[in-house]
Amino acid sequence: MQSQSPTADAPDFEVPFDDPEVPFDDCEVPFDDPEVPFDVIVVGAGFAGLYALHRLRESGHRVRVYEAGDSVGGTWYWNRYPGARCDAESLAYSFSFSPELEQEWEWTERYAGQPEILRYIEHVTDRFELRQHIRFNRKVTSAHWDEHAREWRLTTDAGDTARAPVCIMATGCLSVPKVPDIPGIGDYEGPKYLTGRWPHEGVDFSGLRVGIVGTGSSAIQAIPVIAEQAEHLTVFQRTPNFSIPAHNRPLDPDFARAYKEHYREHRRLYQLGLSSGFGDTQIQPSPGGPAAEQVMALDDADFERICDDYWATGGARFTGAIADTLINEAANARVSAYVHKKIRSIVRDPKTADALCPHSHPLGTKRICVDTNYFETYNRANVSLVDLQETPIETANPTGLRTTADSYAFDALVLATGFDAMTGALLGMDIRGEGDVALADAWAEGPRAYLGLMVSGFPNLFTVTGPGSPSVLSNMLVSIEQHIEFILDVMAAMAERDATQVDAEAEAQEAWVAHVREVADATLMPKAGSWYMGANVPGKPRVFMPYAAGVGVYREVCEDVAANGFRGFRFDAPTPAGN
Ligand code: N01
């Protein structure tokens, strides 16, 4: 491990490092000298980047993290819209690596809200002394592989350059918000807010006429809260979504205490995929819940009883109420009809209720939403729904939006229009591997990666929860920890072999990509025009990106790969000088 401290004859630099709060002595690498390589550069300081930093520091590596925001948190730093909340339960959506941390942190609600999650991330950052290794307000613009030096060279939009043999992209799956392609959207003169880039000071909608475009997870959380403030809220819906009540509530301290007594066992069940990690903590016997049954084995009474039970418990685990919901169209149609019936029982106006019932995709093939009072909100006198399937938006104008039927004027416009998911952040950088090949070219027909972790031809570059891993179909914390631990194992294997380079074998990658596709094709998942498929971004290749076999199967595959000499990874020793 190298370290460098300023000396009397150190070159002149006005600001030796950017955090005046951190004394020199506490900062192992006081300035970024582009001539001094780090061991690892990590891009992003969300959950993934922070855990990578912690583990790498623990194992003695010199690490630099670059982060675009001015603090830690990633998705929970940017998504501060009203109502932002996690759809995995707080006791499950938290780090498992430190038994002390998990015992000392007290979650206050079943599903934690964004402010509480961000406080937790800040706490973790300080508790494990991570902040001084992070350069904030720096968006990485390029990462180029230097084949001769066998290192990655990164640049940021602030002009930093840094190099390291290993680079870990912890750039998040939903970190590049998508501005909708509504003609004239730039002409709207009022304030407009992207849910994925919400102002840190918050927005007061009291007494305002507000429009919101989108009815995905973000909008479904924001709409009930904005409706309580606004004079009037108009929701512009292109595709209705399935949403299940969260039944969020304060976390009973006795329950939390009892749960924490068995934290290791609970965590193990999440890791093995025996518990979804989304909404199982409240189920007794805990976790797991009632065994799911195939739909055709159920008469109407049993079917209703099971669905009622899952609906009453709440949360994303509803998708698992009936075992074959995601693989059998008839099963899915029956479960979908159950949700339609629920929507109609909540929303009083039949026309609005009809418009809110999703018919264009099977339940669960777009990310299922979890809400608090979403459908109930349409019973308010100050909320109206515009069904864009009947009357599409023609244009935005200085005062609002015009559809084929009407014009709407607003004091504020909210765009809850989603993300360029899974590949957006990676392709937003100029990443170049061997032979100066751009990642954008390697992925021109959709992302290809071995285990969702490495891209053949891009040595020593790791993607955390990348395309081809369970990622967004899983509790992200479970997947993030597993990926970082696997990456550390690969790095240890490099060290054991005296290798300076590790890459994914092209054949192993192609076989994995084919397997990921086969698994998805065995489900109904590819049937929806979802962001999982890249369908929400015009021109993006239609490829089902996450691995749909679950975290348990995936973990077994990774363990088997490791046990078999890291099958599919190629380790190279240094070439003799001059070659
Ligand atoms: O984005 P989305 P999101 N005109 O893509 C509509 C995670 N998340 O930010 O479906 C009109 O789901 C679009 O319509 P359509 C979670 O994984 C988690 O809400 O394309 N409408 C859709 O309704 C989630 O899935 C949590 O027809 C337009 C909406 O905008 C993911 O993030 C909370 C349009 C986009 O929905 C993304 O959710 C929040 C246009 N031109 C988010 N363009 C929790 O943990 C787009 N739309 C709970």
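Each chain carries its own residue numbering, running from 1 in the direction its sequence is written. Local features in this predicted model are restricted to residues whose pLDDT is 70 or higher, and side-chain atom pairs enter the listing and the counts only when it is 80 or higher, whereas totals over whole chains, interfaces and linings include all residues. For side-chain calculations, the full set of non-hydrogen atoms in the structure is used, while hydrogens and water are omitted.

### Some words on the nonpolar core
Nonpolar cores were defined as sets of buried Ala, Val, Leu, Ile, Met, Phe, Trp, Tyr and Cys residues, with membership established by side-chain atoms within 4.5 Å. Each residue is assigned to one of three classes by its accessible area relative to the maximum for its type, calculated with a 1.4 Å probe on protein chains only: buried under 20%, partly exposed between the two thresholds, exposed over 50%. Formed by 136 residues in total, the largest nonpolar core has its most connected members in Phe 47, Phe 318, Leu 451 and Phe 569. A domain split of this core shows at least three residues from each of domain 1 (33–72 + 130–176 + 421–569) and domain 2 (213–262 + 273–415). Listed in part, the 22 residues of the second largest apolar core include Ile 41, Leu 154, Ala 162 and Ala 449. The split into domains, and so the bounds of each, comes from an automatic or database assignment of domains.

### Some words on the confidence of the model for the protein
How sure the predictor is of each residue is captured by pLDDT, a score from 0 to 100. Across the protein, the average pLDDT comes to 91, with 91% of residues at 70 or higher. Two residues form a contact once any of their heavy atoms are found within 4.5 Å. Across residues 1–30, confidence stays below pLDDT 50; counting only partners more than four residues off in sequence or on other chains, it has 45 contacts. Below pLDDT 50 for its whole length, residues 285–290 participates in 18 contacts with residues either more than four positions away or in separate chains.

### Focus on unusual backbone geometry
Positive phi, normally seen in glycine, also occurs at Asp 436, with a value near 60°. Strands are runs of DSSP state E lasting at least 2 residues, helices are runs of H or I lasting at least 4, and numbering of each runs from the N terminus. Mapped onto the elements of the fold, Asp 436 is located in the loop between β18 (430–432) and α13 (439–442). In this model, Ser 471 sits at a positive phi of 45°, which is unusual for a non-glycine residue. As for its placement among the helices and strands, Ser 471 is situated in the loop between β19 (461–463) and α14 (476–496). Assessed through its relative accessible area of 0%, Ser 471 is described here as buried.

### Digging into empty space enclosed by the protein
Put simply, the grid is 1 Å and covers the protein atoms alone, a cavity is a trapped set of points that fit a 1.4 Å probe, a pocket is an open set with protein on both sides within 12 Å along at least five of seven lines, and lining residues have an atom within 4 Å of a point. Grid points are joined across faces, edges and corners, and a volume is the space filled by probe spheres set on the points. Evaluation of the coordinates by the stated rule reveals 4 cavities of 30 Å³ or more. A volume near 70 Å³ is recorded for the largest cavity. Surrounding the largest cavity, Met 169, Thr 171, Gly 172, Cys 173, Met 422, Leu 426, Thr 463, Val 464, Thr 465, Gly 466 and Pro 467 form its lining. All residues other than Ala, Val, Leu, Ile, Met, Phe, Trp, Tyr, Cys, Pro, Asp, Glu, Lys and Arg, Gly among them, are scored as polar; the first ten of these are nonpolar and the last four charged. Tallied by class, the residues present in the lining of the largest cavity amount to 6 nonpolar, 5 polar and no charged.

### Considering the side chain of Gln 237
Tracing the backbone shows Gln 237 in strand β10 (residues 232–237). If sequence neighbours within four positions are ignored, Gln 237 has contacts with Thr 215, Ala 355, Leu 356, Leu 385, Val 386, Asp 387, Leu 388 and Gln 389.

### Focus: the environment of Phe 566
Positionally, Phe 566 belongs in the loop between α16 (551–563) and β21 (569–572). Relative accessible area serves as the criterion here: at 8%, Phe 566 is assigned to the buried category. Taking C-alpha positions, Phe 566 is 8.3 Å from Ala 493, a pair spaced 73 residues apart along the chain. Apart from the residues within four sequence positions on either side, Phe 566 is in contact with Phe 486, Asp 489, Val 490, Ala 493, Arg 497, Val 561 and Phe 571.

### Quick notes on the site of the ligand
Residues in contact with the ligand amount to 26 residues; listed here are only the nearest, Thr 215, Ser 218, Arg 238, Thr 239 and Lys 366. Arg 85 is positioned such that a nitrogen or oxygen atom in its backbone is 3.3 Å from an oxygen atom of the ligand. N or O atoms within 3.5 Å of each other form a polar contact, as long as, within protein, one can give a hydrogen and the other can take it, and as long as residues adjacent in sequence are counted only when both atoms are side-chain atoms. At a separation of 3.1 Å, an oxygen atom of the ligand approaches a polar backbone atom of Asp 87. Using the Shrake-Rupley algorithm and a 1.4 Å probe, accessible areas are obtained, with residue cover drawn only from the displayed protein chains. Protein chains bury 89% of the 920 Å² of accessible surface belonging to the ligand in isolation. By residue number, the principal contributor to the shell around the ligand is helix α5 (residues 217–229), which donates 3 residues. Only heavy atoms are used to decide nearness, and a residue is near a molecule or strand if one of them lies within 4 Å of it.

### Brief notes about the sheet that holds strand β14 (residues 393–396)
Only when DSSP finds a minimum of two bridges between them are two strands counted as paired. Reading across from one edge, β14-β15-β16 is the order of the 3 strands in this open sheet, with antiparallel pairing throughout. Because the sheet does not close on itself, it has two edges, and the strands there are β14 and β16 (407–409). Taken pair by pair, the neighbouring strands of this sheet meet at an average axis angle of 20°, ignoring direction. The pairing of β14 with strand β15 (residues 400–403) spans 3 bridges and is antiparallel. Axis definition: a line fit to C-alpha positions, over the contact stretch in the case of helices; interaxial angles, taken between N-to-C directions, run 0 to 180 degrees.

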